[in-house]
Amino acid sequence: MSTIKQQRTGHLALLGSNVMWGVMAPISKFVLAGGIVTSAALTDIRIFGGTLLFWIASFFFRAEVVDRKDYIKLFGAGFFSTAFNQLCFIKGVSLTSPVDASICTSTLPIWTMIMAAIFLKEPVTSKKAGGVLLGLSGALLLVFFGNTGASKGVSNIWGDALCLLSQISYGVYLVFFQDVIKKYSPVTLMKWKYTFGAMILVPLSFTSLFSVEWGTLPFQQWAGLGYILLFGTFLSYLIVPLGQKHLRPTVVAMYNYLQPVTAATVAILWGLDSFNVVKLIAVVLIFSGVMLVNKSRAAEHR
């Protein structure tokens with residue numbers, strides 16, 4: 001495949017995955033708002049269903065042998081990027097607005113940079129430091145002053161905090177598990193991450209699936225669950241490595257900005273949320289911070 005075609009494929013993969021994740025926030029809010037499916041049950045559906053789909057997909061790809069010593073690392077990866085990450089995010093979405101949740105996802109590059117600087121001793125330039133301050137200012141503004149007081153899509157400090165914690169958890173995965181991320185194919189990596197994530201959740205929340213009155217669930221919410229599982233989980237995680245492989249990290253990170261934009265557009269159109277001045281300022285601060293961080297990284301690699 002030529003370089004131009006590879007880059008085009010990478011752009012389409014990142015566009016598709018980030019739009020799917022952006023739409024997932026208001027759809028998750030819609031499903032949870034029905035009061036039938038709990039946040040724990042939705043997390044179980046996403047992780048258990050994702051495990052099954054990735055195992056099925058693995059039969060259509062060349063089998064990879066996993067080194068025995070890497071299973072411990074894959075277990076840790078499953079905890080931070082799958083079980084704990086998704087449990088915090090889904091619970092956070094159930095408490096706060098979909099716009100707040102999606103804005104919180106844009107802080108991931110900032111948390112990753114902070115941990116990389118502390119634990120991997122990556123240099124922190126003035127642009128990186130400025131980006132961190134801007135991004136954290138936006139996140140704190142959102143958490144403490146983003147409450148709209150509206151009956152729909154109301155902000156919640158604990159929900160926002162959980163969504164931010166989910167991004168920190170995923171940042172731990174990106175910083176400390178790079179060796180297995182680069183070593184194995186996306187299907188192998190996702191298959192084992194989701195398997196271990198499911199094993200972690202079984203003793204904690206398996207009863208939540210049996211407490212749901214599935215027979216009373218409306219068709220619209222069944223459709224929402226189908227979207228979350230097939231598009232927001234399986235397909236999005238299956239295609240995003242194509243962008244990471246063929247495009248520069250700066251370009252990959254820029255596509256993350258599509259998530260809050262997509263979520264805000266869908267949520268407002270559906271009447272699930274409102275967008276106020278405080279949230280607009282938070283978005284500008286967070287995006288400006290992430291852009292500075294990525295610009296600094298690009299300059300380092302020239």
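The structure displayed is predicted, hence computed values, not measured ones.

What counts and what doesn't
- Within any chain, residue numbers begin from 1 and follow the written order of that chain's sequence.
- With the structure being a predicted model, the display of local features is reserved for residues of pLDDT at least 70 and the display and counting of side-chain atom pairs for 80 or more, all residues being used for whole-chain, interface and lining totals.
- For side-chain calculations, the full set of non-hydrogen atoms in the structure is used, while hydrogens and water are omitted.
- Each pair of aromatic rings taken from Phe, Tyr and Trp, with Trp reduced to its six-membered ring, is defined by centres within 6.5 Å and is described as stacked if the planes are under 30 degrees apart, edge-to-face if over 60, and tilted in the remaining cases.
- Numbering of helices and strands runs from the N terminus; a helix is a DSSP stretch of H or I covering at least four residues, while a strand is a stretch of E covering at least two.
- Burial classes: relative accessible area under 20% of the type maximum marks a residue as buried, over 50% as exposed, and values in between as partly exposed (1.4 Å probe, protein chains only).
- Over a ring means this: the NZ of a Lys or the CZ of an Arg is within 6 Å of the ring centre and within 35 degrees of the ring normal.
- Counted as a polar contact is a pair of N or O atoms within 3.5 Å, where, for protein atoms, one must be capable of donating a hydrogen and the other of accepting one, and residues adjacent in sequence contribute only when both atoms are in side chains.
- Contacts are assigned to residue pairs with any non-hydrogen atoms lying within 4.5 Å of each other.
- Definition used in this section: a nonpolar core is a set of buried Ala, Val, Leu, Ile, Met, Phe, Trp, Tyr and Cys residues joined via side-chain atoms within 4.5 Å.
- Expected helix span is taken as 1.5 Å per residue step, with the number of steps being one fewer than the number of residues.
- Throughout this description, the term salt bridge denotes a Lys or Arg side-chain nitrogen within 4 Å of a carboxyl oxygen of Asp or Glu.

## Some words on the packing of aromatic side chains
And then number 1: Scanning the model with the defined rule gives 16 aromatic pairs in all.
And then number 2: For the ring pair Phe-80 and Phe-177, a centre distance of 6.2 Å and an interplane angle of 40° mean the geometry is tilted. With Phe-80 in helix 3 (residues 70-95) and Phe-177 in the loop between helix 7 (157-176) and helix 8 (178-183), the pair connects residues that are 97 residues apart, well separated along the chain.
And then number 3: Overall, Phe-80 belongs to the partly exposed group, its relative accessible area being 27%.
And then number 4: Residue Phe-177 is classed as buried on the basis of its relative accessible area of 11%.
And then number 5: Three or more aromatic residues joined by ring pairs make a cluster, and in this case those are Phe-79, Phe-80, Phe-84, Tyr-170, Tyr-173 and Phe-177.
And then number 6: Here the guanidinium or amino end of Lys-193 rests over the ring plane of Tyr-237, the centre of that ring lying 6.0 Å away.

## A word on the side chain of Thr-107
And then number 1: Within the secondary structure layout, Thr-107 lies in the loop between helix 4 (98-105) and helix 5 (108-119).
And then number 2: You can call Thr-107 buried: its relative accessible area is 2%.
And then number 3: A polar contact is formed between the side chain of Thr-107 and the side chain of Trp-111, at a distance of 2.8 Å.
And then number 4: Look past the residues within four positions of Thr-107 in its chain and what remains in contact with it is Ala-139, Leu-164, Gln-167 and Ile-286.

## What about the nonpolar core?
And then number 1: Core analysis: the biggest nonpolar cluster contains 31 residues, and Val-37, Leu-42, Phe-89 and Leu-225 have the highest contact counts within it.
And then number 2: The set of elements that each furnish at least two residues to this core consists of helix 1 (3-33), helix 2 (39-58), helix 3, helix 4, helix 5, helix 7 and helix 10 (219-246).
And then number 3: The element that contributes the greatest number of residues to this core is helix 1, accounting for seven residues.

## Quick look at the environment of Ile-157
And then number 1: With respect to the helices and strands, the residue Ile-157 is situated in helix 7.
And then number 2: Judged by its relative accessible area of 37%, Ile-157 falls in the partly exposed class.
And then number 3: Each C-alpha atom, one on Ile-157 and one on Phe-145, is 8.8 Å from the other, the two residues being 12 residues apart in sequence.

## Remarks on helix 5
Residues spaced three or four apart along an α-helix point in a common direction, a consequence of the helix completing one turn every 3.6 residues.
And then number 1: Compared with an ideal rise of 1.5 Å per residue, which puts 12 residues at 16 Å, helix 5 spans 16 Å between its outermost C-alpha atoms and is within 8% of the ideal.
And then number 2: Of all 12 residues in helix 5, nine are buried, a share of seventy percent or more.
And then number 3: Within helix 5, the full set of buried residues consists of Leu-108, Pro-109, Ile-110, Trp-111, Thr-112, Met-113, Met-115, Ala-116 and Ala-117.
And then number 4: Two residues or fewer past helix 5, Lys-121 is found with a positive phi of approximately 60°.

## Some points on the environment of Leu-42
And then number 1: Relative to the assigned elements, Leu-42 resides in helix 2.
And then number 2: Residue Leu-42 is classed as buried on the basis of its relative accessible area of 1%.
And then number 3: Along the chain, Leu-42 and Leu-209 lie 167 residues apart, while their C-alpha atoms are 8.4 Å from each other.
And then number 4: In contact with Leu-42, other than residues within four places in its own chain, are Ser-28, Leu-32, Val-37, Ile-90, Leu-225 and Ile-228.

## Some remarks on helix 12 (residues 258-269)
And then number 1: Look at helix 12: 16 Å from first C-alpha to last across 12 residues, which is about the 16 Å you get at 1.5 Å a residue.
And then number 2: Residues of helix 12 that are buried include every one of Gln-259, Pro-260, Thr-262, Ala-263, Ala-264, Val-266 and Ala-267, and no others.
And then number 3: Positive backbone phi, at 75°, marks Gly-271, one or two positions downstream of helix 12.

## Points about the pattern of salt bridges
And then number 1: Overall, the coordinates contain four salt bridges when judged by the stated rule.
And then number 2: With a closest N to O distance of 2.5 Å, Lys-183 and Asp-67 form a salt bridge. In this pair, Lys-183 is assigned in helix 8 and Asp-67 in the loop between helix 2 and helix 3, connecting sequence segments 116 residues apart.
And then number 3: You can call Lys-183 partly exposed: its relative accessible area is 38%.
And then number 4: The partly exposed category is assigned to Asp-67, whose relative accessible area is 31%.
And then number 5: Ionic pairing is found between Asp-70 and Lys-183, a salt bridge with its closest N-O pair at 2.8 Å. Here the residue Asp-70 occupies a position in helix 3, and Lys-183 occupies one in helix 8, the gap between them amounting to 113 residues.
And then number 6: On the basis of relative accessible area, Asp-70 is assigned to the buried category, the value being 2%.

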